[in-house]
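Chain and residue survey
Next come the chains, spelled out residue by residue.
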Amino acid sequence: MNIIETGIEGLFVVEPRIFADQRGYFFESFSEKEFRKATGVDIEFVQDNESKSSKGVLRGLHFQTGEYAQAKLVRVVSGAVQDVAVDLRKGSPTFGKYFSIILTGENKKQFFIPAGFAHGFVTLEDNTIFQYKCSQY
């Protein structure tokens, strides 16, 4: 797994290691041990969610506070999104800053968004399937 820094503390892109051949491909979409080793983040995901959207659908910006604050690991299974996270952590040197990335079923990149961020995306293709792991219910 390759970790790409975004310039905002705790927010990063995850590129999984993909094993492909003439039959297709395989990759681990999540391994707690490998994630912790690569990022230094000790997290327990408690819920997985999935949405399907038509082209041009905007979902977000969502955020949770207090005991409901969620970290998320998001990815696109098929289709494409323009994904964005905004730092809402009071006192953070990057408060109000954002990072945006295109996630697709083809590039298989994942985006880790720590608690304290607003998150949203707009779909760039019809029938886009978006999955995310959450650290809180």
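This text gives an overview of the structure that appears in the document. What you are looking at is a predicted structure, and each value in this text was computed from that prediction instead of being measured.

What to know about the pattern of salt bridges
- Per the stated rule, a full pass over the model turns up six salt bridges.
- One salt bridge connects D48 with K133, and the closest N-O pair in it is separated by 3.0 Å. Of the two residues, D48 sits in strand β5 (residues 47-53) while K133 sits in strand β12 (residues 128-134), which places them 85 residues apart along the sequence.
- Judged by its relative accessible area of 52%, D48 falls in the exposed class.
- On the basis of relative accessible area, K133 is assigned to the buried category, the value being 18%.
- The network of salt bridges with shared partners includes E32, R36 and D42.

Procedures and definitions
Residues numbered from 1 in each chain as written. Predicted model: local features only at pLDDT ≥ 70, side-chain atom pairs only at ≥ 80, totals over all residues. Heavy atoms only, no water. Salt bridge = Lys/Arg side-chain N within 4 Å of Asp/Glu carboxyl O. Helix = DSSP H or I, 4+ residues; strand = E, 2+ residues; numbered from the N terminus. Buried < 20%, exposed > 50% of the residue type's maximum accessible area, 1.4 Å probe, protein only.

As far as function goes, none of this settles anything; it's purely spatial.
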